[in-house]
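# Fold and contact review
Next come the chains, spelled out residue by residue.
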Amino acid sequence: MLVILGFAMIAVFMVLIMTKKLTPVLALIIVPTVFGLFAGAGLGIGDMVMDSMKSMTSTAALLMFAIIYFGLMIDVGLFDPLVKFILRKLGNDPAKVVLGTAILAAAVSLDGDGSTTFILTTAAMLPVYLRLKMSPVVLTCVAGLANGTMNILPWGGPTARAATALKIDVNDVFVPMIPSLVAGLVVVFAFAWLLGLQERNRLRATAPEIWSVLDTAEQFDGTSDGGTSAAASGSGRGRKGGNPGGAVPAGGSVAVLERTETLVDDHDSAMADTALDPNRSTLRPKLFWFNLALTVAVMVVLVANIIPLPFVFMVGAAIALLVNFPKVKDQGAQLIAHAPSIVAVVSMVMAAAVLTGVLKGTGMVEAMSAWLVQIIPSSMGPFMAVITGILSIPMTFFMSNDAFYFGVLPVLSETAAHYGVGAADMARASITGQPFHLQSPLVPAILLLVSLAKVDLGDHHKKVLWRTAVISLVMLGVGLLTGAIGIG
């Protein structure tokens, strides 16, 4: 019964948020509560949720003050010069911008921390997306793909957990998986380029009057990505602004705007009344170098991980507010300006505690894990590593890495040992589901990403989930081909 309730709860939750019948916050609260009561939690459900929520408070604080800090830095104009620089280097072609986003996210992911990756990537690229009227959903999708793939790095967490749980050296797990990591990144960049082409296509169709084609010998297909277009019109700030550009002529050339310089003109009237309005009252050009130094200092401390991240952003936001807006009235106005984003993400983090609390407190997670192990027929024993890799895709999405690697993986590995499948093979297979895992609403970093980009979680999932599943399967397949993941 617990197994049925657990899977049914997860299915109902996903359907409700992806069809937009409920907001993620309401779904995270209502669905687990109903299923928890059916599972016999009774009045004890409150204690289950409160125990789970205790571990969420520091995450909520991190997200709250990170949103305040970076929202403030955008308001005061810190990233305006960066937007111009990126536009000059990447041009006005959405395909190049999206590919650049993937490369940036993959590079920053080397630090092993998802929150840091999403903060830096969003801070650098979101203004560019807004300026070109590109969909922020594409940004969150590409950043999520890159970070999820890089999450198998030894210092990222899952690889170390798998090695620890099975009592093997972490290098024995990771090094043979390097070809899989490279293959995963290749797929990420391919997806990024294709998404960029879709954006280029969509933007050309929505604003054809400003496009000029370098070579008109070949007609460009103007079909648009409906999901992305819808997200672009309904997500993010600054939807009234700038005119996008880019098209593909014959021979692979890229079309340009008739007046490219307007995109990097401080007085571009197209950006009026948006988050990037060059005449907005919150601009603080005289404090540019101070704000840059403060942001660099915050990033250095953040990457060094010498002080808890929530406190870093608390202090950073306080200093930024005090210096940029010395009047108490202005400080209050800035906090109010970012209140909608704060409420959205913090409420989601707290609501996620209901789902995790019910899953753990009612025993659903343990029951689901045990059932999956039991239903694997003995004839499939030699393929336990492959089965584990496939199972890691959904299981790490609906439970924490700790629950999977310390609770489920040892059981699977013990079973596999009877069929000659080694622990190292099992550990390597188990980390291939990480690209999918990173998109889970139970992962705080992904909540931070969609919050900073002002993207609906359901819209993000529609675009990212099948792509991450493909990447995970490619990594698993390459692992099998290279012998990193063996068959008994």
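Residues numbered from 1 in each chain as written. Predicted model: local features only at pLDDT ≥ 70, side-chain atom pairs only at ≥ 80, totals over all residues. Heavy atoms only, no water.

## Brief notes about the overall build of the protein
Applicable threshold: Strands here mean DSSP runs of E at least two residues long; helices mean DSSP runs of H or I at least four residues long; both are numbered from the N terminus. Any residue under 20% of the maximum accessible area for its type is buried, any over 50% is exposed, and the rest in between are partly exposed; the area is computed with a 1.4 Å probe on protein chains only. To measure how exposed things are, a 1.4 Å probe is used in the Shrake-Rupley method; for residues, cover is taken only from the protein chains shown.
Scanning the protein from N- to C-terminus turns up 23 helices and two strands. Here the protein holds 488 residues, and the buried ones make up 56% of them. Of the accessible surface of the protein, which amounts to about 19,600 Å², a share of 67% is contributed by carbon and sulfur atoms.

## Considering the environment of Thr121
Rule in force here: Any two residues having at least one pair of non-hydrogen atoms within 4.5 Å are treated as being in contact.
As for its position among the elements, Thr121 is in helix α7 (residues 114-131). Spatially, the C-alpha atoms of Thr121 and Val108 are 7.9 Å apart, while their sequence positions differ by 13 residues. Dropping the residues within four chain positions of it, Thr121 is found in contact with Thr101, Leu104, Ala105, Leu126 and Ala143.

## Brief notes about the pattern of salt bridges
Filter applied, for reference: The salt bridge definition used is simple: a Lys or Arg side-chain nitrogen within 4 Å of an Asp or Glu carboxyl oxygen.
This structure, assessed with the given rule, holds four salt bridges. For Asp51, the salt bridge identified is with Lys54, shortest N-O distance 3.9 Å. Highlighted residues: Asp51 and Lys54, both in helix α3 (residues 45-54), separated by three residues, approximately one helical turn. As a salt-bridge pair, Arg428 and Asp425 come within 3.9 Å of each other at their nearest N and O atoms. With Arg428 and Asp425 both in helix α20 (residues 423-430) and three residues apart, the pair spans about one turn of that helix.

## Some details on the nonpolar core
Operational definition: The set of buried Ala, Val, Leu, Ile, Met, Phe, Trp, Tyr and Cys residues whose side-chain atoms join them within 4.5 Å is what this entry labels a nonpolar core.
Counting 140 residues, the largest nonpolar core has Tyr69, Ile119, Phe313 and Met426 as the members making the most contacts within it. If we skip the residues at most four places from it in the chain, Tyr69 touches Asn291, Leu294, Thr295, Val298, Phe313, Gly316, Ala317 and Ala320.

## Re helix α18 (residues 384-398)
Rule in force here: By this rule, a helix spans an expected 1.5 Å times one less than how many residues it contains. Throughout, the bend at a residue refers to the angle made by two axes, fitted to the seven residues ending there and to the seven starting there.
Its 15 residues give α18 an end-to-end C-alpha distance of 21 Å, which sits within 8% of 21 Å, the value for a rise of 1.5 Å per residue. The sharpest bend along α18 reaches about 40° and sits at Ser392, with the proline Pro394 one to four residues further on.

## A look at unusual backbone geometry
Even without being glycine, Lys133 reaches a positive phi, approximately 60°. Along the chain, Lys133 falls in the loop between α7 and α8 (136-150). Residue Lys454 is not a glycine yet carries a positive backbone phi of 55°. Following the sequence through the fold, Lys454 ends up in the loop between α22 (444-452) and α23 (457-482). Residue classification places Lys454 among the partly exposed positions, given a relative accessible area of 29%.

## Some thoughts on the environment of Pro136
Locating Pro136 in the fold gives a position in helix α8. Residue Pro136 is classed as buried on the basis of its relative accessible area of 0%.

## Let's talk about the packing of aromatic side chains
This is how the line gets drawn: What counts as a ring pair is set by centres within 6.5 Å for rings of Phe, Tyr and Trp (its six-membered ring), and what kind of pair is set by the plane angle: stacked under 30 degrees, edge-to-face over 60, tilted for all other angles.
Across all of its chains, the model carries four aromatic pairs by this definition. Here Phe191 and Trp466 contribute two aromatic rings whose centre-to-centre distance is 5.5 Å and whose plane-to-plane angle is 85°, an arrangement assigned as edge-to-face. Pair noted here: Phe191 is in helix α11 (residues 178-206) and Trp466 is in helix α23, with a separation of 275 residues, a long-range link. Residue classification places Phe191 among the buried positions, given a relative accessible area of 10%. When the ring of Phe288 is compared with that of Trp289, the centres are 5.1 Å apart and the planes differ by 80°; the resulting orientation is edge-to-face.

## Examining the packing of α18 against α23
A packed helix pair is summarised by two numbers, namely the angle formed by the two axes and the spacing between the axes. How we decide: Where helices are involved, their axes are fitted lines through C-alpha atoms of the stretch in contact, as for all axes, and angles between N-to-C directions lie from 0 to 180°. Relative orientations are named as follows: roughly parallel for angles under 35 degrees, roughly antiparallel for angles over 145 degrees, roughly perpendicular for angles from 65 to 115 degrees, and oblique for any other angle. Two helices cross in a left-handed way if the nearer one is turned anticlockwise from the farther one by less than a right angle. They cross in a right-handed way if the turn is clockwise. Under the scheme applied, nonpolar residues are Ala, Val, Leu, Ile, Met, Phe, Trp, Tyr, Cys and Pro; charged residues are Asp, Glu, Lys and Arg; polar residues are all the others, including Gly.
At a closest axis distance of 10 Å, the pairing of α18 and α23 adopts a crossing angle of 155°. Between α18 and α23, the interaxial angle falls into the category roughly antiparallel. For the pair α18 and α23, the sense of crossing is right-handed. Within the contact between the two elements, α18 uses Val386, Gly389, Ile390, Ile393 and Phe397 and α23 uses His461, Leu465, Ala469, Ser472, Leu473, Leu476 and Leu480. A class-by-class count of the residues in the contact of α18 with α23 yields nine nonpolar, three polar and no charged.

## Structural notes on a nonpolar patch on the surface
Rule in force here: Residues forming no salt bridge and having over 30% relative accessible area are the ones grouped into patches, like charges within 9 Å of each other and nonpolar side chains (Val, Leu, Ile, Met, Phe, Trp, Tyr) within 5 Å.
Taken together, the side chains of Phe290, Ile306, Ile307, Phe311, Met314, Val315, Ile319, Leu322 and Val323 present a nonpolar region at the surface, about 740 Å² in accessible area. At six residues, helix α14 (residues 309-324) tops the list of elements feeding residues into the nonpolar patch. Mapped onto the secondary structure, Met314 falls in helix α14. Taking relative accessible area as the criterion, Met314 reaches 32% and is therefore assigned partly exposed.

## What to know about the confidence of the model for the protein
The condition that has to hold: Every residue carries a pLDDT, the predictor's confidence in it, which falls somewhere between 0 and 100.
In the predicted model, the protein carries a mean pLDDT of 77, and 81% of its residues have values of at least 70. Summarising per-element confidence for the protein, the mean pLDDT is lowest in strand β2 (residues 256-257) (36) and highest in α8 (94). For the stretch residues 209-274, pLDDT sits under 50, and the model shows 139 contacts to residues farther than four places along the chain or on other chains.

## Some details on the side chain of Ser180
In this structure, Ser180 sits in helix α11. Not counting residues up to four positions away in its chain, the partners in contact with Ser180 are Met475, Val478 and Gly479.

## Description of the environment of Met314
Placed 249 residues apart in sequence, Met314 and Phe65 show a C-alpha to C-alpha distance of 5.6 Å. Once residues lying within four places of it in the same chain are set aside, the contact partners of Met314 are Ala61 and Phe65.

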